[in-house]
Amino acid sequence: MENENALGLGKSNKQKSNGNEIKSMLALKSIFFFSGKMRDGDNEGVDDVATTPPYQPLPFLSPLANSVVSRCCKILQLHIEELQHQFDSDLPDDVKQPLLIYARNFLEFCSFQALQVATTQPDYLSDKDFRRLMFDMMLAWEAPGVGNQEIAASDEREVEDEDSWSLFYSDSTNMAVQVDDKKTVGADSFSRIAPACAIVADIITVHNLFDVLASSSDVLFPATTIRERGEFLTLAKVIKAVQNLSGPQMMSNLSLAEEEIILEVDGTVPTQPVLKHMGISAWPGRLTLTNYALYFESGMGLYDKAVRFDLASDLKQIIKPELTGPLGARLFDKAVMYKSSSMVDPAYFEFPEFKGSSRRDYWLDICLEILHAHKFTRKYNIKEGQQFEALARAVLGIYRYRAVREAFKVSSSNYKTLLCFNLAESLPRGDAILETLSSRLTLMKSAGNHCGLLGSPSARRQVIHPVSRVSLCRLGIISCKEVDIIGEATNLVGDVCVGEVNPLENAVKQSMKNIGRAEAAQATVDQVKVEGIDTNLAVMKELLFPLFESINHLQQLASWKNPWKSILFMVLISYAIIRGWIKYSLPALLVVLAVIMLWHRNVGKGRPLEPLKIIAPPPKNAVEQLLLLQEAISQFEALIQSGNIILLKVRALIFAVLPQATDRTALLLVIMALAFAFVPLKHLILFAFLESFTTNMPLRKISSERGLRRIREWWIRIPAAPVQLMKPDDKKTR
């Protein structure tokens, strides 16, 4: 693709980017151009080759686009004239002008139709021709017309066995176009074609998926072949692994509900156990995640009855990373904490491993995805059928995430999340994405209504099919009791529509505009973080220097060391209070700050901000740092103790532990209440200002000190209310 905005995959004039470009191209290309033996089922349907409609290349399409359209005609068993007639008659004029738009939208029309039929085939994810067809669709989407840079057909085409036959190639020698090694797939074509198959990509996370593929030099693509250690791993294998989880033993132990499916299981291997911590006790077991709950079965090999931790109900659940260790010690950052309002103590699930915490991070992400999906359905009052579709969307995201994780063998923190509900929770304006998704789900009808892809624009906007749930049905993950969901779902396609942009895609783009600024701001935050208590205190002191200076000036005036300045300040403030100007002090301060900010914006425009210069304190070793921390903790503890003593003495006054002091306090409170009720507020403010400001005035300094001494003596004589410390009732059992 020649688009320079292809997120690093487009062609570039810079020499450094050429290497990464070719790596990314080879990654995607080798996914689809799988070299290997034909499967046993590839020869099926050889007798039907004669019934394949003939294809005449269209003059307005590029060679690769004609190749893709021809394969679509074979899949649909239609003549090209019939497809073109459907496109011209069923779609509005705005998707057919000009010629380039016509070519691209016609290609989309044929591609989406073909993908609908192709995804009904059994085990279509394992079909190398299906993968190659999707890749060719992306390449053709970038250069659909004759006016674009075309992909020239090569005489060195991939020649299959003469006896072999494929659903996607009527004549592999004549119709397949060899792609140049320098041809790459861009972000636009990938995000347009991939979401057409719900299991391949989600329109909310498709850009993050593309970034994952583009950033790897390995062959990585969750819907296609993933190369690892010389073997090929596909998402189909992930699906088969999930299907194998639903065995009779698992079903009997867990007692799953009708719509509940198992997503992941861990702890079955003795060398990789899952430990459940409750209090100071810990024991190994098997942890299972479904689309409704977490289950833990204690034991190894033979498991006890499963304990269920609900993710679907509104129980104020909290799932977060946590530290665990033996006998309740907080040593290892490898656990997930689950807490809800129905539990007295939280449960901690530890995932031991020698290096890192990738297991814990993976389980944390997928558990949060299910939890956020249920919170989404409750927040927007999603109905039952629409709720199943939302959960199916989360389930497909977890399958893709699992495939990518197994390919990378690294923590999820190394790339952006591929889980749509987790992503919406973390993105700026992610709530807008969820609102758009909820509005789309409210339009969802049964898959049997034939107006999804071919209808008018208004009809297409009014009917949303349960494509995620149907994908799970076709993959054999869930059983489909409604016959029309599978039997009549011929118009099912992902979150894309010919010639139109999905509202979800617009919401994601609007949210992603703020990501760059947020990441840049976070980078500056990471740069200015310093270590050490004394160093952070020095930074804070320098930042608050203007405030400290203002407080020092006020203290100088209140000390009456310069009587004339103090008298002038007192008269001005008193006059402002009497005239009622004091209420404008806060607005005036805000206006002054705004003027200063605008002045710096206009005067210092384009100039970088000078760094804040701070004199670093002398370096301290580890022991000195610990002593400083201990001193800070001791000071903080003393501050808390003083606060508790004040509260206990107030409690003693309220409950009349010292009757004489209580009488005086009650009388003072009544006088203050009468003053607030009958004296104007500005007079009270003036009295409080004069009383506090003239405390150190030479005329009344001696009397003020005497009065403060009497108040301290009175306060000291007040006893503190008694406190009784009780030992906790430690009855925690297994």
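These numbers come from a predicted model, not from an experiment. (Residues numbered from 1 in each chain as written. Predicted model: local features only at pLDDT ≥ 70, side-chain atom pairs only at ≥ 80, totals over all residues. Heavy atoms only, no water.)

1. Describing the overall build of the protein chain
This is how it is decided: Helix and strand assignments come from DSSP, with helices taken as H or I runs of at least 4 residues and strands as E runs of at least 2, each series counted from the N terminus. Two residues qualify as a contact provided that any one of their heavy atoms is within 4.5 Å of a heavy atom in the partner residue. Methods summary: accessible areas were calculated by the Shrake-Rupley approach with a probe of 1.4 Å, and residue burial reflects only the protein chains presented.
If you tally the helices and strands in the protein chain, you get 27 helices and eleven strands. Residue pairs in contact within the protein chain that sit at least 24 positions apart in sequence constitute 68% of those at least 6 positions apart. Here the protein chain has roughly 41100 Å² of accessible surface; of this, 59% comes from carbon and sulfur atoms.

2. A look at the nonpolar core
Rule in force here: Take the buried residues of types Ala, Val, Leu, Ile, Met, Phe, Trp, Tyr and Cys, join any two whose side-chain atoms come within 4.5 Å, and each joined set is a nonpolar core. Throughout this description, buried means an accessible area under 20% of the type-specific maximum (1.4 Å probe, protein chains only), exposed means over 50%, and partly exposed covers the range between.
If you look at the biggest cluster of nonpolar residues, it comprises 124 residues, and the most contacted ones within it are Ile 199, Phe 349 and Tyr 399. Looking at this core element by element, the count peaks at twelve residues for helix α12 (residues 384-408). Every residue in contact with Tyr 399, bar those within four places of it in the chain, is listed here: Leu 235, Val 238, Ile 239, Val 242, Ile 261, Ile 262, Leu 263, Leu 472 and Ile 477.

3. Quick word on the pattern of salt bridges
For clarity, the cut-off: By definition here, a salt bridge exists when the distance from a side-chain nitrogen of Lys or Arg to a carboxyl oxygen of Asp or Glu is within 4 Å.
Applying the stated criterion across every chain, the model contains 17 salt bridges. Note that Glu 108 is salt-bridged to Arg 192, the shortest N-O span being 2.8 Å. Of this pair, Glu 108 sits in helix α4 (residues 99-118) while Arg 192 sits in helix α7 (residues 187-193), and the two are 84 residues apart along the sequence. As far as burial versus exposure is concerned, Glu 108 and Arg 192 are alike and both buried. As a salt-bridge pair, Arg 286 and Glu 297 come within 2.9 Å of each other at their nearest N and O atoms.

4. Looking at the confidence of the model for the protein chain
Here is the rule: Residue-level confidence of the predictor is what pLDDT reports, using numbers from 0 through 100.
Summing up the model confidence of the protein chain, the mean pLDDT is 76 and the portion of residues at 70 or higher is 76%. The least confident element of the protein chain is helix α6 (residues 172-175), whose mean pLDDT is 33; the most confident is helix α11 (residues 358-379), at 93. Contacts of residues 1-52 to residues separated by more than four positions or lying in other chains number 96 contacts, the stretch itself having pLDDT below 50. Contacts of residues 483-491 to residues separated by more than four positions or lying in other chains number 25 contacts, the stretch itself having pLDDT below 50.

5. Brief notes about a nonpolar patch on the surface
How we decide: Only residues whose relative accessible area exceeds 30% and that form no salt bridge are eligible for patches; like-charged ones are grouped when within 9 Å, while nonpolar side chains (Val, Leu, Ile, Met, Phe, Trp, Tyr) are grouped when within 5 Å.
A cluster of nonpolar residues, Met 540, Leu 543, Leu 544, Leu 547, Phe 548, Ile 551 and Leu 612, forms a patch on the protein surface that exposes about 630 Å² of accessible area. When contributions to the nonpolar patch are tallied by element, the ones reaching two or more residues are α20 (533-543) and α21 (545-558). If you tally residues by element for the nonpolar patch, the top one is α21, at three residues. For Leu 543, the position within the fold is in helix α20. Relative accessible area serves as the criterion here: at 56%, Leu 543 is assigned to the exposed category.

6. Remarks on the packing of helix α3 (residues 80-90) against α4
Our working definition: As a rule, the C-alpha atoms of each element are fitted with a line to give its axis, helices using only the stretch in contact, and angles between N-to-C directions run from 0 to 180 degrees. Between 65 and 115 degrees an angle is taken as roughly perpendicular, under 35 as roughly parallel, over 145 as roughly antiparallel, and anywhere else as oblique. The crossing is said to be left-handed when, going from far helix to near helix, the turn is anticlockwise and less than a right angle, and right-handed when the turn is clockwise. All amino acids are sorted into three groups, where Ala, Val, Leu, Ile, Met, Phe, Trp, Tyr, Cys and Pro are nonpolar, Asp, Glu, Lys and Arg are charged, and the leftover types, Gly among them, are polar.
Where α3 contacts α4, the axes come no closer than 11 Å and their chain directions differ by 110°. With respect to each other, α3 and α4 are oriented roughly perpendicular. α4 is crossed by α3, and the crossing has right-handed handedness. Residues Ile 80, Leu 83, Gln 84, Gln 86, Phe 87 and Asp 88 of α3 touch α4, and the partners they reach there are Tyr 102, Asn 105, Phe 106, Phe 109, Cys 110 and Gln 113. Within the contact of α3 with α4, the residues separate by chemical class into seven nonpolar, four polar and one charged.

7. A few points about the packing of helix α2 (residues 63-76) against helix α5 (residues 128-142)
Remark: α2 packs on α5, axes separated minimally by 9 Å, with the N-to-C direction vectors making an angle of 140°. With respect to their mutual orientation, α2 and α5 come out oblique. Judged by the twist between their axes, the crossing of α2 over α5 is left-handed. For the pair α2 and α5, the contacting residues are Leu 64, Ala 65, Val 68, Arg 71, Cys 72 and Ile 75 in the first and Arg 132, Leu 133, Asp 136, Met 137, Leu 139 and Ala 140 in the second. For the contact of α2 with α5, the residue count by class is nine nonpolar, no polar and three charged.

8. Here's the deal with the side chain of His 207
Tracing the sequence through the fold places His 207 in helix α8 (residues 206-214). Its relative accessible area of 13% is what places His 207 among the buried residues. Not counting residues within four places of it along the chain, the set of residues in contact with His 207 comprises Ser 191 and Met 512.

9. Quick notes on unusual backbone geometry
A negative phi holds for most residues other than glycine; trans holds for most peptide bonds. Residues other than glycine seldom take positive phi values, yet Lys 316 does so here, at roughly 55°. With respect to the element layout, Lys 316 can be found in the loop between β8 (307-310) and β9 (318-324). Of note, Trp 560 is a non-glycine position whose phi angle comes to about 60°, a positive value. If you trace the backbone, Trp 560 turns up in the loop between α21 and α22 (563-578).

10. A few points about the side chain of Thr 119
Positionally, Thr 119 belongs in the loop between α4 and α5. On the basis of relative accessible area, Thr 119 is assigned to the buried category, the value being 8%. The contacts of Thr 119, once residues within four sequence positions are left out, are Tyr 124, Phe 130, Cys 197 and Arg 474.

11. Quick notes on the packing of aromatic side chains
Selection rule: Two rings belonging to Phe, Tyr or Trp (six-membered ring only in the last case) form a pair when the distance between their centres is within 6.5 Å. Interplanar angles under 30 degrees mark stacking, angles over 60 mark edge-to-face geometry, and anything in between is tilted. Our definition puts a charge over a ring when NZ of Lys or CZ of Arg is within 6 Å of the ring centre and also within 35 degrees of the ring normal.
Applying the stated criterion to the full structure yields 21 aromatic pairs. Here the aromatic cluster, defined as three or more aromatic residues joined through ring pairs, consists of Phe 60, Phe 87, Tyr 102, Phe 106 and Phe 109. Its end group placed over the ring of Trp 141, Arg 104 keeps NZ or CZ at 4.1 Å from the ring centre. Between the NZ or CZ atom of Arg 405 and the centre of the ring of Tyr 362, over which it lies, the distance is 4.3 Å.

12. Some details on the pairing of strand β11 (residues 347-350)
How we decide: For two strands to pair, DSSP has to find at least two bridges joining them.
Relative to β11, strand β4 (residues 274-278) is paired through three bridges, and the arrangement is antiparallel. Directly across from Leu 275, in β11, lies its bridge partner Glu 350. With four bridges connecting them, strand β10 (residues 332-339) and β11 associate as antiparallel partners. The partner of Ala 335 across the bridge, within β11, is Glu 350.

13. Considering α21
We count it as follows: Multiplying 1.5 Å by the residue count of a helix minus one yields the expected span of that helix.
Taking 1.5 Å as the rise per residue, α21 with 14 residues should run 20 Å; its terminal C-alpha atoms sit 20 Å apart, in good agreement. Taken from the residues just after α21, Trp 560 is the one with a positive phi, measuring 60°.

14. Describing the environment of Pro 428
Following the sequence through the fold, Pro 428 ends up in the loop between α13 (420-426) and α14 (430-442). In this structure Pro 428 comes out as partly exposed when scored by relative accessible area, which is 28%. Taking the C-alpha atoms as reference points, Pro 428 and Val 508, 80 residues apart in sequence, are found 9.7 Å from one another. With residues near it in sequence (within four places) discarded, Pro 428 still touches Ser 511, Asn 514 and Ile 515.

15. Quick look at α22
Count 3.6 residues to each turn of an α-helix, and residues three or four apart come out pointing the same way. Counted only if it meets this: Here the arc refers to the directions that run from the helix axis out to each C-beta atom.
With 16 residues, α22 should cover 22 Å at 1.5 Å per step; its first-to-last C-alpha distance of 22 Å lies within 8% of that length. Within α22, the full set of buried residues consists of Ser 566, Met 570, Ser 574, Ala 576 and Ile 577. What you see down the axis of α22 is that its buried residues fit within an arc of 160°, all on one side. Exposed positions of α22 whose direction lies more than 90 degrees from the buried face are Trp 564, Lys 565, Leu 568 and Leu 572.

16. So, the environment of Ile 533
Checked against the element boundaries, Ile 533 lands in helix α20. Taking C-alpha positions, Ile 533 is 7.4 Å from Leu 629, a pair spaced 96 residues apart along the chain. In this view, Ile 533 contacts Gln 625, Leu 628 and Leu 629; residues no more than four positions away in its chain are not counted.

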